[in-house]
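Examination of the molecular architecture
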Amino acid sequence: MSDTETKPWVIITVFKENANLEDIERIVPQIQGIVDEWQSAGNIMWSGPFNDNLTGMAVFEATKDDANSFFKKYDHICSGILEYSMYEWDAMPILSVLSKK
């Protein structure tokens, strides 16, 4: 993959067992802020919780560098409160197709 090629990425997030409501309430606006920043730049991100009320997922398309930059911001906000991982998602680039309509 070249550094300029966009690919789908996914971030899976789970609440840590010791996460408290105060910490969650503190980071929610910060997470919303980086998502808003991402979308304001013309990028698409789909995100939401699973029905277990503990796990969430965000799907977005980006270059490797842009994905790592976003994840670094996410890590800075969520470290110590949430468990999370980012993966390159080898799926059809659906976000690119949808953003061009």
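All of the points below concern the structure found in this document.

Conventions and cut-offs
Residues numbered from 1 in each chain as written. Predicted model: local features only at pLDDT ≥ 70, side-chain atom pairs only at ≥ 80, totals over all residues. Heavy atoms only, no water. Patch = residues over 30% accessible without salt bridge, like charges linked within 9 Å, V, L, I, M, F, W, Y side chains within 5 Å. Areas by Shrake-Rupley, 256 points an atom, 1.4 Å probe, with all protein chains shown as cover. Salt bridge = Lys/Arg side-chain N within 4 Å of Asp/Glu carboxyl O. Helix = DSSP H or I, 4+ residues; strand = E, 2+ residues; numbered from the N terminus. Buried < 20%, exposed > 50% of the residue type's maximum accessible area, 1.4 Å probe, protein only. Pairing = 2+ DSSP bridges. Phe/Tyr/Trp six-rings, centres within 6.5 Å; stacked < 30°, edge-to-face > 60°.

Structural notes on a nonpolar patch on the surface
A grouping of Val14, Phe15 and Leu54 is seen on the molecular surface, where their side chains present a nonpolar patch of about 230 Å² in accessible area. Tracing the sequence through the fold places Leu54 in the loop between β2 (45-49) and β3 (55-62). Here Leu54 falls in the partly exposed class, since its relative accessible area comes to 46%.

Considerations on the pairing of β3
The two faces of the sheet receive side chains in turn, since in a regular strand these alternate between them. Taking burial as the measure, the 8 residues of β3 include 7 buried ones, the bulk of the element. Summarising the sheet, strand β1 (residues 7-15) and β3 pair through 8 bridges and their orientation is antiparallel. When the bridges of β3 are listed, Lys7 appears paired with Ala62. Two strands pair when backbone bridges link them, and β2 and β3 are joined in this way by 5 bridges, in the antiparallel orientation.

A look at the packing of aromatic side chains
Tallied over the full model, the rule gives 6 aromatic pairs. With centroids separated by 5.4 Å and ring planes inclined at 50°, the aromatic side chains of Phe60 and Phe70 adopt a geometry described as tilted. Here the residue Phe60 occupies a position in strand β3, and Phe70 occupies one in helix α2 (residues 64-78), the gap between them amounting to 10 residues. In this pair, the class of Phe60 matches that of Phe70, namely buried. On the numbers, 5.8 Å between centres and 65° between planes, the contact of Phe71 with Tyr84 is edge-to-face.

Purely geometric numbers; function is a separate question.
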